[in-house]
Structure formats: C-alpha cells, structure tokens
Protein chains: 2
Amino acid sequence: MKLTTRGRYAVTAMLDLAIHGDTQPITLADISQRQEISLSYLEQLFSKLRREDLVRSIRGPGGGYQLARGFETIFVAQIIDAVDESIDATNCQGRGDCNHGEVCLTHHLWQDLSDQIHGFLSGISLEDLVKRGGFRASSYMAGIVDAQPLTIRDQ
Amino acid sequence: MKLTTRGRYAVTAMLDLAIHGDTQPITLADISQRQEISLSYLEQLFSKLRREDLVRSIRGPGGGYQLARGFETIFVAQIIDAVDESIDATNCQGRGDCNHGEVCLTHHLWQDLSDQIHGFLSGISLEDLVKRGGFRASSYMAGIVDAQPLTIRDQ
DNA sequence: GTAATACCCGACTAGTTTAGTCAAGAATTA
DNA sequence: TAATTCTTGACTAAACTAGTCGGGTATTAC
C-alpha cells in the first residue's frame, strides 16, 4: 500500500464520476475542469483504472467514462491499488531475509501496518464518500471498525 | 504522516538501541553492522532523532547513543515524525481551498486517514516492539483499538 | 598533549518517482 | 467527413531517496 498524490487524484476523479456520471458518460475534460487535474495526467490514470475494470470507456462524441459497476461496490483501496503500484512495505519483498538472512527487526510491524491501512481503505466505498455530507470520513470510520474487526488480512 | 524506508530505518535503529543499549551507549557503527544500514545515513537519521530529544549522544571513546527516556514512552509515530518530515496528506496544506477556493472532494478523507495512521502508530511503543516475540504487530493492534477509540485527533 | 574514538555537519550525487507535456492515432457519432 | 473523445507512447523538469564524502569537534586513554 502506497499513498501518494496520484492515488488522491484517482479517488477524486472517481468520486467526480460517481457524483456526475449517473446518467450519461463523463468526459475527462469535464473532470479536468472541475477537479483541476491536468487532462493528460487524467488520461494516464484512467488508462490504469480501465485496465483494472473500475471504469468503462465510450469513444466518440457524447462518449466519456462511466463507473464499471455500482458505486457501492468500488472501494478506495481498489482505486489506489490500480494507480499506485503497491510497493512492499517490507525491505525484502516478503522473503523475510532482510537482515543477514533473517527477518529484520521491524519486518512484521510494517507488514501489519500496511495490511491495516489496506483493510481500512477497503471498507470505504465510493457510495460512502458520495453520501456523507461534506465527505467527512470520521463518522463512518467508527462504523467500519465496528463492522470489520482489526485483524490481519492476507492482502 | 509519511511512510518511507527512512522511517523504517529509524524505527529499526531505535529498536536496536532499545534492545542493546540498556547499560552502555551504543555506537552507530554497531547499529550499522547489525542492521545493515550505512553509517553515514545513520548519522543523518540520528541527528534528527537527537534534535527531537528521542536519543542522547555521548562523544568520545566509549561514547555512542542512548534512548533519551524509557522505551515505554517512545512511540513509533514519534520516531517517524522525527525523520520523515510529514507531508500534508491534503493538497492545500490544510487551507481547505484545494478546489476553486473550496474544499476538494476528498480533502477530509485524506486528512482523516492520515490521522488514523498516526493514531495507530502513536499507540505502539518501543517497549511493545521489544517485548512481543517476533515483533508481530497483529496482537497489540487489537488492544490499541480497544484502548483508544477511533475518533479524529487534532494531530 | 596527542592519538584514537565517536559524534557532528554540510555539500554533493546517482537513481527513481512524480506530475506532468506533447504528438500521433483510432473509434464513434452527427 | 469532420468533430469529438478515448488511447498510447515517448519525453521531461522537479523533487525525493538513499546514500557518499570530507572535514570538523568533543572526550577519553595513554
């Protein structure tokens, strides 16, 4: 799990799509204007989002992008994973030989933290983001923790 | 909150210090050898750790570094904050004018996520890391969630 | 006092990533 | 057939990472 501005751009753009794209396809030019993200950069991002089947594209006049499925089934973690190729939180690519052939001191800490963040963002859907007024995460965060206990997930 | 290998190095080094430095000061050369981190790079990191009063330095032969206080009062979040100057998770540096003078769509999401991660890591002390066999984070994470409810913190 | 030890500090750097730009092309509709 | 919109790939400036290098300064032991 990697968290950069690229992931933020992608989630913002997908959220724009979820808000405005319920009926007709939305052009990247529209998203670019509304969200102040460069068009060419959006093209790069949507290329990846399409490959991951998060959006559908329609060419030609009247075309644009649509969510590939219902916004209640698209989660923040999926969007971020699609555009931010996830680096290993660990140093040894999970081999466990980071320190003289042994597991390094903090290996598990980073692995688990990474899983935690991923689990957290896997619980927030575009629907959640659309429906909460002002898009504050605080309110549903409590709910998420109740709903899915913080155990370690196998990514 | 920013999570890079620099933060990982710093936590690893501090953990080494917590494990080996209970009686005499530990030299960076020792840590460098044990943890396979370049000496010069460690010097940079410890310069920051010292400025944040997480370690004490003793010069001259027999000198080295010690934890500045008990390992039960030093938390992972503090270490990472000391070496990874925290970038804003938001795009507008908290001004809230990220989109045409208004708050951007995902502003709060990132702010809250950042706070969440920070909260997690603020609950893990060096003592926790030293005492758990194998340093697995999973076990005490559940405890942390019980202990400090996931409300939004003012950083 | 002088040599060795160890921290201290700033300048520099190769490589990678980020956040783009630019140009050409392909599909679709009017 | 022209306009629209997605599609793709090559390129790039700036920033960041993970270091190296070279010279300090404080302290201790002899």
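A brief structural summary. (Residues numbered from 1 in each chain as written. Chains lettered and ligands numbered in written order. Predicted model: local features only at pLDDT ≥ 70, side-chain atom pairs only at ≥ 80, totals over all residues. Heavy atoms only, no water.)

What follows deals with the protein's contact with DNA strand C. As a matter of local geometry, DNA strand C sits amid 26 residues, with T5(A), R59(A), P61(A), S57(B) and Y65(B) nearest to it. A share of 70% is what sugar and phosphate atoms reach among the atoms of DNA strand C within 4 Å of the protein. One nitrogen or oxygen atom from the main chain of P61(B) is found 3.5 Å from a base oxygen belonging to DNA strand C. Elements with a contribution of two residues or more to the surface near DNA strand C: α1 (5–20) and α3 (39–51) of chain A together with α3 (39–51), β1 (55–58) and β2 (64–67) of chain B. Considering only residue class, the surface near DNA strand C consists of eight nonpolar, twelve polar and six charged. (Near = heavy atom within 4 Å. Polar contact = N/O pair within 3.5 Å; in protein donor to acceptor, adjacent residues only side chain to side chain. Helix = DSSP H or I, 4+ residues; strand = E, 2+ residues; numbered from the N terminus. Nonpolar A, V, L, I, M, F, W, Y, C, P; charged D, E, K, R; others polar.)

Our focus in this paragraph is helix α2 (residues 28–35) of chain A. Three or four residues apart is the spacing at which side chains of an α-helix point the same way, because the helix has 3.6 residues per turn. All names here are of chain A. Buried residues of α2: L28, I31, S32 and Q35, and no others. Take α2 and look down its axis: the buried residues cluster within an arc of 105 degrees, on one side only. In the core, the buried residues of α2 are packed alongside α1, α3 and β2 (64–67). One or two steps after α2, the chain reaches E36, where phi turns positive at roughly 55 degrees. (Buried < 20%, exposed > 50% of the residue type's maximum accessible area, 1.4 Å probe, protein only. Arc of directions from axis to C-beta. Contact = heavy atoms within 4.5 Å.)

Turning to the pattern of salt bridges, a few remarks are in order. Any two side chains of opposite charge can pair, so long as their charged atoms come close to each other. All names here are of chain A. Under the defined criterion, the tally for this structure stands at four salt bridges over all chains. In this structure, D16 and R34 form a salt bridge, with 2.8 Å as the shortest nitrogen-oxygen distance. A residue pair is termed long-range when its members are at least 10 positions apart, and D16 in helix α1 and R34 in helix α2 qualify at 18 residues. (Salt bridge = Lys/Arg side-chain N within 4 Å of Asp/Glu carboxyl O.)

Near DNA strand D lie 26 residues; those nearest to it are S57(A), Y65(A), T5(B), Y9(B) and R59(B). If you look at DNA strand D and keep only atoms within 4 Å of the protein, 69% of those are sugar or phosphate atoms. Note that a phosphate oxygen of DNA strand D is positioned 3.0 Å from one of the side-chain N or O atoms of R50(A). The side chain of Q44(B) places a nitrogen or oxygen atom 3.1 Å from a base oxygen of DNA strand D. Counting residues per element, the ones that place at least two in the surface near DNA strand D are α3, β1 (55–58) and β2 of chain A together with α1 (5–20) and α3 of chain B. Across the surface near DNA strand D, the residue classes tally to eight nonpolar, twelve polar and six charged.

Time to look at the pairing of β2(A). Looking at chain direction, β1(A) and β2(A) are connected through four bridges and run antiparallel. In the sheet register, S57(A) faces β2(A), and the bridge partner there is Y65(A). (Pairing = 2+ DSSP bridges.)

Further remarks concern empty space enclosed by the protein. Rolled over the atoms, a probe sized like a water molecule indicates the empty space that remains. Summed over all chains, the structure comprises two cavities of 30 Å³ or more. Considering the residues around the second largest cavity, the lining is formed by I117(A), F120(A), L113(B), Q116(B), I117(B) and F120(B). Only α5 (107–121) of chain A together with α5 (107–122) of chain B provide two or more residues apiece to the lining of the second largest cavity. It is α5(B) that contributes the most residues to the lining of the second largest cavity, four residues altogether. Taken together, the residues of the lining of the second largest cavity sort by class into five nonpolar, one polar and no charged. (1 Å grid on protein atoms, 1.4 Å probe; cavity = no way out; pocket = protein on both sides within 12 Å on 5 of 7 lines; lining within 4 Å. Points joined across faces, edges and corners; volume = space filled by probe spheres on them.)

Attention shifts here to the nonpolar core. Formed by 69 residues in total, the largest nonpolar core has its most connected members in F46(A) and F46(B). Apart from residues lying up to four places away in sequence, F46(B) is in contact with A13(B), L17(B), L28(B), I31(B), V55(B) and Y65(B). (Core = buried A, V, L, I, M, F, W, Y, C linked by side-chain atoms within 4.5 Å.)

In this section: the packing of aromatic side chains. All names here are of chain A. Tallied over the entire structure, the rule returns four aromatic pairs over all chains. On the numbers, 4.8 Å between centres and 50 degrees between planes, the contact of F46 with Y65 is tilted. Taken together, the positions of F46 in helix α3 and Y65 in strand β2 put the pair 19 residues apart, joining distant regions of the chain. (Phe/Tyr/Trp six-rings, centres within 6.5 Å; stacked < 30°, edge-to-face > 60°.)

The subject of this paragraph is the packing of helix α4 (residues 76–83) of chain B against α5(B). All names here are of chain B. The contact between α4 and α5 brings their axes to 6 Å, and the two run at 120 degrees. Overall, the two elements α4 and α5 adopt an arrangement that is oblique. Here V76, A77, I80 and D81 of α4 come into contact with α5, specifically with H118, L121 and S122. Class assignment of the residues belonging to the contact of α4 with α5 gives a composition of four nonpolar, two polar and one charged. (Axes fitted to C-alpha atoms, helices over the stretch in contact; angles between N-to-C directions. Parallel < 35°, antiparallel > 145°, perpendicular 65-115°, else oblique.)

Right, let's get into the environment of L45(A). Residues and elements named next belong to chain A. Relative to the helices and strands, L45 resides in helix α3. By relative accessible area, L45 is classed as buried at 2%. Residues L45 and Y9 lie 36 residues apart in sequence; the distance between their C-alpha atoms is 8.4 Å. Excluding anything up to four places from it in sequence, L45 contacts R6, Y9, A10 and V83.

Shape is all these values report; function is a separate question.
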